[in-house]
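# Breakdown of the fold
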Amino acid sequence: MSFPKVKVLEESDETVALQLEGVDRSYANAIRRFCISEVPAMAIDDIVILENSSVLYDEILAHRLGMIPLKTDLERYVLPEKCDCGSPLGCQKCRVLLVLDASAHEKPRTVMSGDLVSEDRDIKPVSPNIPVVKLAVGQSVKLEAYARLGRAKEHAKWQPATVAVLTEGKTDGTYLLKVESSGSMPAKDIVTKAIETLETKFKEMRSEVGGKIDEVKQD
Ligand SMILES: [Zn+2]
């Protein structure tokens, strides 16, 4: 068996293309799948509506806000289920508050993702130009939105990569992995985190198998 070799063919914040050599196809494919379903991303998950006189129902408004990709920082935030606060309300390490307070006074206006004001300047919509709701004169929307980390296996809104494809490379035994980020984090970080998560799963499996073997020995 040869050592895995990785060559970066293309890299920007949004996209990374890697050539993998000396890895099994199933392992390469697991990395691809983990980029989509296991790497956490931030998304709005809970909303407290203080006022909504727009034409959108509260639930639709909540759904729309949930689908806005947010900048994600995996160093500073943890998944709520892994946070030591153990609180359903969350804490500084597992949730971020974003406030929306928008009204149409003299003329109709469209509320945009950029109107959300975050308590953490690093955790905000990837783009300020995503339309959320149109307001007619006299209408307003006031709400508190709580973002947290989650995984796409729970809901698609937590998907950090919009695209992750694996194809055969030009030379035998090589594969090309191309990943595009939603903008939540650099594409390269998604791949790194996917590999890290995969390794952790293997480690957990290894210690579990080890434990089982010890049990058998003791019997
Ligand atoms: Zn917490």
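In this convention, every chain numbers its residues from 1, walking through the sequence in written order. In keeping with the model being predicted, local features are shown solely for residues with a pLDDT of at least 70 and side-chain atom pairs are shown and tallied solely at 80 or more, while totals for entire chains, interfaces and linings include all residues. Side-chain measures were taken over the full set of non-hydrogen atoms in the model, leaving aside hydrogen atoms and water.

## Re the coordination of the zinc ion
Each metal's donors are the N, O and S atoms within 2.8 Å of it, or within 3.2 Å when it is Na, K or Ca, and because water is not part of the set, sites may look incomplete. Taken together, Cys83 (SG), Cys85 (SG), Cys91 (SG) and Cys94 (SG) make up the protein donors of the zinc ion, found 2.2 to 2.4 Å from the metal. The geometry test gives tetrahedral to four donors whose angles all lie between 85 and 135 degrees, gives square planar to four donors and octahedral to six donors whose opposite members are over 155 degrees apart with all other angles between 65 and 115, and gives irregular to the rest. Geometry at the zinc ion is tetrahedral, judged from the 4 donor atoms that bind it and their angles of 100 to 115 degrees at the metal.

## A look at the pattern of salt bridges
Every case where a carboxyl oxygen of Asp or Glu lies within 4 Å of a side-chain nitrogen of Lys or Arg is listed as a salt bridge. The tally for this structure, following the rule as stated, stands at 15 salt bridges. For Asp122, the salt bridge identified is with Arg76, shortest N-O distance 3.1 Å. Taken together, the residues span a long stretch of sequence, with Asp122 in the loop between strand 6 (117-118) and strand 7 (131-135) and Arg76 in the loop between helix 2 (58-66) and strand 4 (96-103) at a distance of 46 residues. Buried, partly exposed and exposed residues are distinguished by accessible area as a fraction of the type maximum, computed with a 1.4 Å probe on protein chains only: under 20%, between the cut-offs, and over 50%, respectively. Asp122 gets classed as partly exposed once you look at its relative accessible area, which sits at 42%. Relative accessible area serves as the criterion here: at 38%, Arg76 is assigned to the partly exposed category. For Lys93, the salt bridge is made with Asp84, and the minimal N-O distance between the two is 3.3 Å. Residue Lys93 is classed as partly exposed on the basis of its relative accessible area, which comes to 37%. Here the salt bridges share partners, and the residues they tie into one network are Glu38, Arg151, Lys153 and Lys201. The secondary structure listing takes helices from DSSP runs of H or I that are at least 4 residues long and strands from runs of E that are at least 2 residues long, numbered from the N terminus.

## Examining the packing of aromatic side chains
Only Phe, Tyr and Trp rings are paired, with Trp represented by its six-membered ring, and only when their centres lie within 6.5 Å; those with planes under 30 degrees apart are stacked, over 60 edge-to-face, the remainder tilted. For the structure on display, the rule yields 1 aromatic pair. Judged by centre distance (6.3 Å) and plane angle (15 degrees), the ring pair of Tyr27 and Phe202 falls under stacked. Linking Tyr27 in helix 1 (residues 25-37) with Phe202 in helix 3 (residues 187-218), this pair joins segments that are 175 residues apart in sequence. With relative accessibility at 25%, the residue Tyr27 sits in the partly exposed group. To sit over a ring, a charge needs its Lys NZ or Arg CZ within 6 Å of the ring centre and within 35 degrees of the ring normal. The ring of Trp158 is capped by Lys157, whose NZ or CZ atom sits 4.8 Å from the centre of that ring.

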